[in-house]
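One-letter residues, chain by chain:
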Amino acid sequence: MSTNPGNPRAEDVVAFVDAHWGGPCAGCSIELVGHDGVLSLFLGFSDAPRCVACLAQLHGRERAAFLRHAASSIRRLACFRAGWEHADRRLASASGWPEERLPAALRMDVAPSDQGPERAPSHPAGPSDFAGAEAAFDAGDRACGELALELKRRLGLLSEGERLHLIATDLGAREDLPAWCRLTGHRLVRAEPPHYLIARRSHSHGESP
Ligand SMILES: [Zn+2]
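Residues numbered from 1 in each chain as written. Predicted model: local features only at pLDDT ≥ 70, side-chain atom pairs only at ≥ 80, totals over all residues.

A. Examining the overall build of the protein more closely. Summing up its helical and strand segments, the protein has eight helices and four strands in all. Listing each helix as α and each strand as β along the protein from the N terminus yields α-α-α-α-α-α-β-α-β-α-β-β. A separation of at least 24 residues holds for 65% of the contacts in the protein among residues at least 6 apart in sequence. (Helix = DSSP H or I, 4+ residues; strand = E, 2+ residues; numbered from the N terminus. Contact = placed C-beta atoms within 7 Å.)

B. Highlighting helix H1 (residues 8-20). Taking 1.5 Å of rise per residue, 13 residues should cover 18 Å, and H1 covers 19 Å from first to last C-alpha, within 8% of that figure. The complete set of buried residues in H1 reads Arg9, Ala10, Val13, Val14, Phe16, Val17 and His20. The arc enclosing the buried residues of H1, seen along the axis, measures out at 160°, which places them on a common side. What points out from H1, more than 90 degrees from its buried face, is the exposed set Pro8 and Ala19. (Expected span 1.5 Å × (residues − 1). Buried ≥ 20, exposed ≤ 12 C-beta atoms within 10 Å, placed from the backbone. Arc of directions from axis to C-beta.)

C. Highlighting the pairing of strand S2 (residues 163-168). Burial analysis of S2 places five of its six residues in the buried class, the great majority of the element. Here strand S1 (residues 135-140) pairs with S2 via five bridges, running parallel. Note that in S2 the partner of Ala136 across the bridge is His165. Crossover S1 to S2 through helix H7 (residues 144-156) is right-handed. Taken together, the five bridges between S2 and strand S4 (residues 195-199) define a ladder with antiparallel strand orientation. Across the sheet, residue His165 finds its bridge partner in S4, namely Leu197. (Pairing = 2+ DSSP bridges. Right-handed = clockwise from strand over helix to strand, strands pointing away.)

D. Expanded view of the packing of helix H2 (residues 34-43) against helix H5 (residues 78-92). At a minimum axis separation of 8 Å, H2 and H5 run at an interaxial angle of 165°. Viewed along their axes, H2 and H5 adopt a mutual orientation that is roughly antiparallel. Pair H2 / H5 crosses with right-handed handedness. Two secondary-structure elements touch here, H2 through Gly34, His35, Val38 and Phe42 and H5 through Phe80, Gly83, Trp84, His86, Ala87, Arg90 and Leu91. In the contact of H2 with H5, the residues fall into six nonpolar, four polar and one charged. (Axes fitted to C-alpha atoms, helices over the stretch in contact; angles between N-to-C directions. Parallel < 35°, antiparallel > 145°, perpendicular 65-115°, else oblique. Left-handed = near helix turned anticlockwise from the far one by under 90°. Nonpolar A, V, L, I, M, F, W, Y, C, P; charged D, E, K, R; others polar.)

Listed below in C-alpha coordinates is the structure:
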(Lines give C-alpha, C1' and ligand atoms only; values in the text may rest on other atoms or scores of the structure.)
Protein backbone atom coordinates (compact mmCIF):
# COMPACT_ATOMS: atom_id res chain seq x y z
CA MET A 1 0.00 0.00 0.00
CA SER A 2 1.60 3.24 -1.12
CA THR A 3 0.46 6.70 -0.06
CA ASN A 4 0.67 9.68 -2.41
CA PRO A 5 2.90 8.11 -5.03
CA GLY A 6 5.07 10.75 -6.61
CA ASN A 7 5.47 12.69 -3.38
CA PRO A 8 8.75 11.46 -1.93
CA ARG A 9 8.46 13.69 1.14
CA ALA A 10 5.12 12.13 2.01
CA GLU A 11 6.58 8.68 1.52
CA ASP A 12 9.37 9.58 3.97
CA VAL A 13 6.80 10.62 6.58
CA VAL A 14 4.86 7.38 6.11
CA ALA A 15 8.07 5.35 6.38
CA PHE A 16 9.01 7.18 9.60
CA VAL A 17 5.55 6.53 11.06
CA ASP A 18 5.79 2.82 10.33
CA ALA A 19 9.37 2.55 11.58
CA HIS A 20 8.47 3.95 15.03
CA TRP A 21 4.99 2.48 15.45
CA GLY A 22 4.93 0.38 18.62
CA GLY A 23 8.31 1.68 19.76
CA PRO A 24 8.70 3.38 23.16
CA CYS A 25 8.06 7.07 23.77
CA ALA A 26 11.41 8.70 24.64
CA GLY A 27 9.66 10.51 27.51
CA CYS A 28 7.33 8.02 29.22
CA SER A 29 8.00 4.71 27.37
CA ILE A 30 4.35 4.24 26.33
CA GLU A 31 3.98 2.46 22.97
CA LEU A 32 3.86 5.01 20.17
CA VAL A 33 1.12 4.99 17.55
CA GLY A 34 1.38 6.60 14.12
CA HIS A 35 0.04 10.02 15.06
CA ASP A 36 2.69 10.35 17.76
CA GLY A 37 5.27 9.68 15.05
CA VAL A 38 3.87 12.31 12.68
CA LEU A 39 3.90 14.96 15.40
CA SER A 40 7.37 13.99 16.59
CA LEU A 41 8.70 14.33 13.07
CA PHE A 42 6.89 17.62 12.51
CA LEU A 43 8.08 19.18 15.76
CA GLY A 44 11.70 18.13 15.39
CA PHE A 45 11.82 15.06 17.62
CA SER A 46 12.69 12.54 14.94
CA ASP A 47 15.82 11.54 16.87
CA ALA A 48 13.78 10.64 19.96
CA PRO A 49 10.05 10.35 19.13
CA ARG A 50 7.56 11.04 21.89
CA CYS A 51 3.85 10.52 22.51
CA VAL A 52 1.39 13.39 22.16
CA ALA A 53 1.11 13.81 25.94
CA CYS A 54 4.89 14.19 26.32
CA LEU A 55 5.11 16.55 23.32
CA ALA A 56 2.34 18.73 24.77
CA GLN A 57 4.09 18.83 28.13
CA LEU A 58 7.42 19.79 26.54
CA HIS A 59 5.70 22.74 24.90
CA GLY A 60 3.89 23.76 28.08
CA ARG A 61 0.46 22.99 26.65
CA GLU A 62 -2.62 21.09 27.72
CA ARG A 63 -2.74 17.75 25.88
CA ALA A 64 -6.21 17.84 24.28
CA ALA A 65 -5.88 21.43 23.06
CA PHE A 66 -2.37 20.77 21.77
CA LEU A 67 -3.57 17.72 19.85
CA ARG A 68 -6.53 19.58 18.30
CA HIS A 69 -4.28 22.45 17.34
CA ALA A 70 -1.71 20.05 15.85
CA ALA A 71 -4.31 18.15 13.83
CA SER A 72 -5.77 21.34 12.39
CA SER A 73 -2.30 22.49 11.33
CA ILE A 74 -1.32 19.18 9.80
CA ARG A 75 -4.47 19.13 7.65
CA ARG A 76 -2.91 21.89 5.57
CA LEU A 77 0.56 20.41 5.19
CA ALA A 78 0.73 17.93 2.32
CA CYS A 79 3.51 15.63 3.48
CA PHE A 80 2.55 15.44 7.15
CA ARG A 81 -1.11 15.06 6.25
CA ALA A 82 -0.22 11.96 4.23
CA GLY A 83 1.43 10.49 7.34
CA TRP A 84 -1.57 11.33 9.53
CA GLU A 85 -4.01 9.77 7.04
CA HIS A 86 -1.82 6.68 6.86
CA ALA A 87 -1.89 6.48 10.66
CA ASP A 88 -5.70 6.93 10.62
CA ARG A 89 -6.10 4.00 8.25
CA ARG A 90 -3.70 1.75 10.07
CA LEU A 91 -5.22 2.53 13.46
CA ALA A 92 -8.79 2.07 12.16
CA SER A 93 -7.93 -1.42 10.98
CA ALA A 94 -6.35 -2.32 14.34
CA SER A 95 -8.29 -3.83 17.21
CA GLY A 96 -9.85 -0.64 18.51
CA TRP A 97 -9.49 3.12 18.27
CA PRO A 98 -7.74 4.52 21.38
CA GLU A 99 -10.34 7.27 21.78
CA GLU A 100 -8.96 8.52 25.05
CA ARG A 101 -5.46 8.98 23.71
CA LEU A 102 -6.46 10.14 20.25
CA PRO A 103 -10.05 11.28 19.66
CA ALA A 104 -11.39 9.81 16.42
CA ALA A 105 -12.74 13.29 15.63
CA LEU A 106 -9.17 14.23 14.73
CA ARG A 107 -9.09 11.80 11.80
CA MET A 108 -8.34 13.60 8.59
CA ASP A 109 -11.54 12.31 6.97
CA VAL A 110 -13.64 14.02 9.66
CA ALA A 111 -14.58 17.62 8.93
CA PRO A 112 -12.45 19.97 11.04
CA SER A 113 -14.09 22.31 13.52
CA ASP A 114 -11.69 25.18 12.99
CA GLN A 115 -10.45 25.96 9.52
CA GLY A 116 -8.51 29.21 9.60
CA PRO A 117 -5.76 29.49 7.02
CA GLU A 118 -2.20 29.08 8.19
CA ARG A 119 -0.65 32.44 7.43
CA ALA A 120 2.87 33.71 7.65
CA PRO A 121 3.17 37.23 9.03
CA SER A 122 3.65 39.89 6.42
CA HIS A 123 5.40 43.18 6.99
CA PRO A 124 6.73 45.96 4.83
CA ALA A 125 10.12 45.06 3.39
CA GLY A 126 13.07 45.66 5.68
CA PRO A 127 16.18 43.73 4.68
CA SER A 128 18.00 44.92 7.81
CA ASP A 129 15.75 42.61 9.83
CA PHE A 130 17.51 39.58 8.47
CA ALA A 131 20.95 41.16 8.75
CA GLY A 132 20.35 41.90 12.43
CA ALA A 133 19.57 38.30 13.39
CA GLU A 134 21.72 36.73 16.12
CA ALA A 135 22.15 33.48 14.14
CA ALA A 136 21.80 32.24 10.58
CA PHE A 137 21.15 28.84 9.09
CA ASP A 138 21.10 27.96 5.42
CA ALA A 139 18.98 24.80 5.37
CA GLY A 140 19.13 24.39 1.60
CA ASP A 141 16.32 22.11 0.44
CA ARG A 142 15.96 20.22 3.73
CA ALA A 143 12.28 19.60 4.33
CA CYS A 144 9.74 18.14 6.70
CA GLY A 145 11.21 16.48 9.77
CA GLU A 146 14.83 16.95 8.81
CA LEU A 147 14.41 20.73 8.75
CA ALA A 148 12.42 20.73 12.00
CA LEU A 149 15.05 18.69 13.83
CA GLU A 150 17.85 21.06 12.88
CA LEU A 151 15.73 24.14 13.47
CA LYS A 152 14.79 22.95 16.96
CA ARG A 153 18.45 22.26 17.75
CA ARG A 154 19.64 25.66 16.55
CA LEU A 155 16.87 27.64 18.24
CA GLY A 156 17.70 25.76 21.43
CA LEU A 157 21.16 27.36 21.40
CA LEU A 158 19.71 30.88 21.42
CA SER A 159 18.39 32.96 24.31
CA GLU A 160 14.80 34.05 24.57
CA GLY A 161 13.92 36.62 21.89
CA GLU A 162 17.10 36.09 19.88
CA ARG A 163 16.45 35.60 16.19
CA LEU A 164 17.51 33.02 13.66
CA HIS A 165 17.70 33.92 9.99
CA LEU A 166 16.69 30.73 8.18
CA ILE A 167 17.08 30.15 4.47
CA ALA A 168 14.94 27.20 3.33
CA THR A 169 14.30 26.65 -0.35
CA ASP A 170 11.89 23.72 0.00
CA LEU A 171 8.46 24.91 -1.15
CA GLY A 172 6.75 23.09 1.70
CA ALA A 173 8.53 25.36 4.19
CA ARG A 174 6.14 28.20 3.29
CA GLU A 175 3.26 26.30 4.86
CA ASP A 176 5.20 24.21 7.36
CA LEU A 177 7.02 27.03 9.16
CA PRO A 178 4.03 29.16 10.24
CA ALA A 179 2.33 26.00 11.54
CA TRP A 180 5.53 24.81 13.22
CA CYS A 181 6.01 28.14 14.97
CA ARG A 182 2.39 28.29 16.15
CA LEU A 183 2.73 24.84 17.71
CA THR A 184 6.21 25.19 19.19
CA GLY A 185 5.72 28.72 20.51
CA HIS A 186 8.62 30.20 18.57
CA ARG A 187 7.68 33.39 16.74
CA LEU A 188 7.85 33.74 12.98
CA VAL A 189 8.81 37.40 12.77
CA ARG A 190 9.10 37.63 9.01
CA ALA A 191 8.62 35.35 6.04
CA GLU A 192 9.93 36.28 2.61
CA PRO A 193 10.60 32.83 1.13
CA PRO A 194 13.21 31.48 1.06
CA HIS A 195 14.14 33.82 3.94
CA TYR A 196 12.53 33.44 7.36
CA LEU A 197 13.21 35.19 10.63
CA ILE A 198 12.30 33.22 13.75
CA ALA A 199 12.54 34.52 17.33
CA ARG A 200 13.25 31.99 20.05
CA ARG A 201 10.41 31.42 22.47
CA SER A 202 10.59 31.93 26.21
CA HIS A 203 12.35 29.21 28.19
CA SER A 204 9.34 29.08 30.48
CA HIS A 205 7.65 26.75 28.00
CA GLY A 206 9.37 23.97 29.87
CA GLU A 207 11.63 22.48 27.23
CA SER A 208 14.30 20.26 28.66
CA PRO A 209 17.72 20.22 27.04
ZN1 LIG B 1 5.29 9.85 26.31
